[in-house]
Amino acid sequence: MAMAWVDGTDPVLVVNLDGDVRAFQGICSHEYFELDKGFLTAGSLTCALHLSRFDLETGDALDPPAEVPIVRYPVVVADGRVLIDVPEGPLPVNE
Ligand code: FES
C-alpha cells in the first residue's frame, strides 16, 4: 500500500491486493493518523495508532476504538496507471 495525494493536499491510501487495486481515505476515521503507517492483514487494514481494523471491501470499522468506516473511492486501472475517481470539491472523508 502507498499514500497518494490528491491536489497535493488530500491523502488517499492505495492498496494493491494481488492486483486488485483499491483506494480509501488516507487518514483514520478515529483520529488524525496516516493509514499508510498501518499494516495489511487478510482482508483488513490495521491502523497503527490504536489498532482498529478496517474492512478492505466496505471500509467498515471492525474493532474499536474506531466506529466510523473509512471512505472507499472508485478506482480504474488503465494502461498500467491507477486512476482514482474523486468528486469535484472537497474529498469525502469520514472522521
Ligand atoms: S487513530 Fe486509528 S484507531 Fe485510533
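The rules we used
- Residues numbered from 1 in each chain as written.
- Predicted model: local features only at pLDDT ≥ 70, side-chain atom pairs only at ≥ 80, totals over all residues.
- Helix = DSSP H or I, 4+ residues; strand = E, 2+ residues; numbered from the N terminus.
- Buried ≥ 20, exposed ≤ 12 C-beta atoms within 10 Å, placed from the backbone.
- Pairing = 2+ DSSP bridges.
- Axes fitted to C-alpha atoms, helices over the stretch in contact; angles between N-to-C directions.

Visitor: Can you lay out unusual backbone geometry for me, pointing to particular residues and giving the numbers?
Guide: Look at the link from Pro64 to Pro65: it is a cis peptide, with omega at 10 degrees. With respect to the helices and strands, the residue Pro65 is situated in the loop between strand E6 (53–55) and strand E7 (72–73). For Leu51, which is not glycine, the phi dihedral falls at a positive 70 degrees. Relative to the assigned elements, Leu51 resides in the loop between strand E5 (44–46) and E6. For Leu51, a count of 13 C-beta atoms within 10 Å puts it in the partly exposed group. The backbone of Asp79 shows a phi angle near 55 degrees, a positive value even though the residue is not glycine. By secondary structure assignment, the location of Asp79 is in the loop between strand E8 (75–78) and strand E9 (81–84).

Visitor: Which residues make up the sheet that holds E5, and what values do they have?
Guide: Reading across from one edge, E4-E5-E6 is the order of the three strands in this open sheet, with antiparallel pairing throughout. Edge positions in the open sheet fall to strand E4 (39–41) and E6, since each of these has one partner strand only. Neighbour-to-neighbour, the strand axes of the sheet open up by a mean angle of 30 degrees, direction not taken into account. Across three bridges, the pairing between E5 and E6 is antiparallel. Paired with Leu45 across the two strands is Phe54, which belongs to E6.

Bear in mind that shape data such as this cannot, by itself, settle questions of function.
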